[in-house]
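Overview (structure and organization)
Residues per chain are reported as follows:
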Amino acid sequence: MNDPFAEHIRQIAANFPYPEPQPRPQSRRHRLRLVGALVLLALVAAVPVVLIQIGVVQVRIAPVESAATWQPLTLADVAGATTLFQAVEAAVFPVKRPAALPMPDQVFMQPDDTVILAWVDADNAPQMVLYQLAGEYLFVLKQVSAATPVSVSHAPGLWVAVPHPVTFYRDGATTTAETYLVRGNVLIWFAAGVTYRLETTLTLTEAEAIAESLVPVQSGTLTPPPG
Amino acid sequence: LEDETAVIRRAQQQDRAACDALVQRYREPVYRLAYLLVGDAHVADDITQQTFLRAFGHLDRFDTRRPLRPWLLQITRNLARNRHRAFKRYVQAMQRFALAQPEPERVETQVQAQQQATHLWQVVRRLPAPQQELIYLRFFLDLSVEETAAVLDLPPGTVKSRTHRTLRRLRGLIDRYAPELAP
């Protein structure tokens, strides 16, 4: 390794003070459960405004004033159109797709930490859009009047089935924020460091089945771009 | 040191001394990776024990031509991920606004180098989980590209390119959150 920065990191890391192994006391698991219960109670007590964080998505549950203020997000508004092969090759996390569905019709990538897969109908209107967000600089705020806590493969999630505004923030040299109207149903969940956001016309049961069927896309199974 | 293949073969025959020898040889890297991933000494100790239990349960299927350490660390990584997802992630996801900034459970020695390493760990934990794992394996545990590739089930070339990208990103985080760690 000739990279001086890599060597610098290796030298610092070599001094990490690992604690001695500590066998778990029997009561600790119960204490952790109690902490979890207190967190949930605190959320319930925070009515009428409740904030729930699912990965990089913060959901603000409160009365929504008027959804007419915002325009819906169309795929034409999404930057970073690419191919699934290029997205899988460049992403810093394993890009996934629903096992039972065909390959997405459109793929978008924004830096190397956000991948968006879209399935469209004959009129090019989106039927299902799957966001995969692993970014540290990205933050999404949804304002909804109601949401249902769900679990996707034991991971925490939320189901939103009412029109609502969603704001995407990207914190780079300058912070950018864009707000759009979401008309469809949305399932959000967080697993292995990646936030998933499935926007669809499907029902909750159908969306959960799609979510639980995600499998990593192997770039070797895809056709690389010519040249 | 006794030839590792011979020790593994004896362990496959359920030789208790051979199993103990493998635990002695690999306990430290397994525990260290578990601790880096979950940040809790109790849980890391649990995961270490489970790693060896699971490994010995499947040792008859292990190909002795392969090195054992990446295989053990792969088990450790999977167990830590599952543990994380099952509880800690849930609580954190409900609680936090920003990404978690876990404090080390116990830092007994206050020497500057250790504080610096702990600070680096806190910055690394701002990375997405796959990039954290890469940094832990390559730089904290000092695994080779090939060993890291075996643990992460990736081609060595992919490990190299992802390491390059991850270091670039880590540098950005250091500049932003911990400029005192910059070279």
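Residues numbered from 1 in each chain as written. Chains lettered and ligands numbered in written order. Predicted model: local features only at pLDDT ≥ 70, side-chain atom pairs only at ≥ 80, totals over all residues. Heavy atoms only, no water.

The helix and strand tally for chain A stands at 4 helices and 15 strands. A burial count over chain A gives 47% of its 227 residues as buried. Accessible surface, chain A: about 10,900 Å² in total, of which carbon and sulfur atoms supply 58%. (Helix = DSSP H or I, 4+ residues; strand = E, 2+ residues; numbered from the N terminus. Buried < 20%, exposed > 50% of the residue type's maximum accessible area, 1.4 Å probe, protein only. Areas by Shrake-Rupley, 256 points an atom, 1.4 Å probe, with all protein chains shown as cover.)

Right, let's talk about the pairing of strand β10 (residues 155-160) of chain A for a bit. Residue and element names in this part refer to chain A. Extensive coverage of β10 is indicated by the burial of 6 of its 6 residues. Residue alternation in β10 divides its side chains into two sets, Ala-155, Gly-157 and Trp-159 and Pro-156, Leu-158 and Val-160, and both sets are buried. Examined bridge by bridge, strand β9 (residues 148-152) and β10 share 5 bridges and lie antiparallel to one another. Residue pairing for β10: Pro-149 is matched across the bridge by Leu-158. In this antiparallel pair of consecutive strands, β9 and β10, the connection spans 2 residues, and Ser-153 shows a positive phi of 50°. Sheet analysis places β10 next to strand β13 (residues 185-191), joined by 4 bridges and oriented antiparallel. The partner of Leu-158 across the bridge, within β13, is Ile-188. (Pairing = 2+ DSSP bridges.)

What follows covers the packing of helix α5 (residues 112-124) of chain B against helix α6 (residues 129-140) of chain B. The packing of two helices is summarised by the inter-axis angle and the distance between the axes. All names here are of chain B. α6 packs onto α5 with a crossing angle of 150° between their chain directions and a minimal axis gap of 10 Å. Accordingly, the angle class assigned to the pair α5 and α6 is roughly antiparallel. Contacts from Ala-117, Leu-120, Trp-121 and Val-124 in α5 reach Gln-132, Ile-135, Tyr-136 and Phe-140 in α6. Grouping the amino acids of the contact of α5 with α6 by side-chain chemistry returns 7 nonpolar, 1 polar and no charged. (Axes fitted to C-alpha atoms, helices over the stretch in contact; angles between N-to-C directions. Parallel < 35°, antiparallel > 145°, perpendicular 65-115°, else oblique. Contact = heavy atoms within 4.5 Å. Nonpolar A, V, L, I, M, F, W, Y, C, P; charged D, E, K, R; others polar.)

Below, the discussion takes up helix α4 (residues 204-212) of chain A. Within α4 of chain A, the full set of buried residues consists of Ala-207, Ile-210 and Ala-211 of chain A. The buried side chains of α4 of chain A occupy one side of the element, clustering within an arc of 100° when seen end-on. (Arc of directions from axis to C-beta.)

Residues and elements named next belong to chain B. Here helix α2 (residues 16-38) crosses α6 at 140°, and the two axes come no closer than 10 Å. Considering only the axes of α2 and α6, their crossing is right-handed. Together, Leu-33, Leu-36 and Leu-37 of α2 and Glu-133, Tyr-136, Leu-137 and Phe-140 of α6 make up the contact between the two elements. When the residues that make up the contact of α2 with α6 are grouped by side-chain class, the tally is 6 nonpolar, no polar and 1 charged. (Left-handed = near helix turned anticlockwise from the far one by under 90°.)

So, on to the sheet that holds strand β7 (residues 126-133) of chain A. Residues and elements named next belong to chain A. Reading across the sheet, the 8 strands line up as β3-β5-β6-β7-β14-β13-β10-β9 and stay open at both edges, with antiparallel pairing between neighbours. One side of each edge strand has no neighbouring strand; the edge strands of this open sheet are β3 (81-82) and β9. Sheet contacts for α4: β7, β9, β10, β13 and β14 (194-200); angle to β9, the most-contacted strand, approximately 35°.

Moving on: the pairing of strand β6 (residues 114-120) of chain A. All names here are of chain A. Most of β6 sits out of view: 7 of its 7 residues are buried. Every second residue of β6 is oriented toward a common face, with Thr-114, Ile-116, Ala-118 and Val-120 on one face and Val-115, Leu-117 and Trp-119 on the other, all of them buried. Across 5 bridges, strand β5 (residues 106-110) lies against β6 in antiparallel orientation. Each residue of the ladder has a partner; that of Gln-106, found in β6, is Ala-118. The pairing of β6 with β7 spans 7 bridges and is classified as antiparallel. Bridge pairing in β7 places Ile-116 opposite Tyr-131. In sequence, β6 turns back onto β7 through a hairpin of 5 residues, with Asn-124 there showing a positive phi of about 70°.

Moving on to α5 of chain B. With 13 residues, α5 of chain B extends 18 Å from end C-alpha to end C-alpha; this agrees with the ideal 18 Å at 1.5 Å per step. Buried within α5 of chain B are the following residues: Gln-114, Ala-117, Thr-118, Leu-120, Trp-121, Gln-122, Val-123 and Val-124 of chain B. Those residues of α5 of chain B hidden inside the fold are in contact with α1 (4-13) of chain A together with α2, α6 and α8 (156-177) of chain B. (Expected span 1.5 Å × (residues − 1).)

To continue, consider the confidence of the model for chain A. Low pLDDT marks stretches whose predicted atomic positions should not be read closely. Residues and elements named next belong to chain A. Across chain A, the average pLDDT comes to 75, with 74% of residues at 70 or higher. Predicted confidence in chain A is weakest over helix α2 (residues 28-45), with a mean pLDDT of 32, and strongest over α1, with 94. Under a pLDDT of 50 for its full length, residues 24-48 has, in the predicted model, 24 contacts with residues more than four places off or in other chains. (pLDDT = per-residue confidence, 0-100.)

In this section: the environment of Val-124 of chain B. Residue and element names in this part refer to chain B. Within the secondary structure, Val-124 sits in helix α5. Val-124 gets classed as buried once you look at its relative accessible area, which sits at 0%. Taking C-alpha positions, Val-124 is 8.7 Å from Tyr-136, a pair spaced 12 residues apart along the chain. Sequence-distant contacts of Val-124, defined by excluding residues within four places in its chain, comprise Gln-132, Ile-135, Tyr-136, Phe-140 and Leu-170.

Given two aromatic rings, one states the distance between the centres and the angle between the planes to describe the pair. With the rule as written, the count across this model stands at 10 aromatic pairs over all chains. Taken together, a centroid distance of 5.6 Å and an interplanar angle of 85° make the contact between Tyr-136 of chain B and Phe-140 of chain B edge-to-face. Pair noted here: Tyr-136 of chain B and Phe-140 of chain B are both in helix α6, with a separation of 4 residues, about one helical turn. Each of the two residues, Tyr-136 of chain B as well as Phe-140 of chain B, counts as buried. Members of the aromatic cluster, joined through ring pairs, are Phe-16 and Tyr-18 of chain A together with Tyr-31, Tyr-35, Trp-121, Tyr-136 and Phe-140 of chain B. The residue whose ring lies beneath Arg-197 of chain A is Tyr-131 of chain A, and the NZ or CZ to ring-centre distance is 4.9 Å. (Phe/Tyr/Trp six-rings, centres within 6.5 Å; stacked < 30°, edge-to-face > 60°. Lys NZ or Arg CZ within 6 Å of the ring centre and 35° of its normal.)

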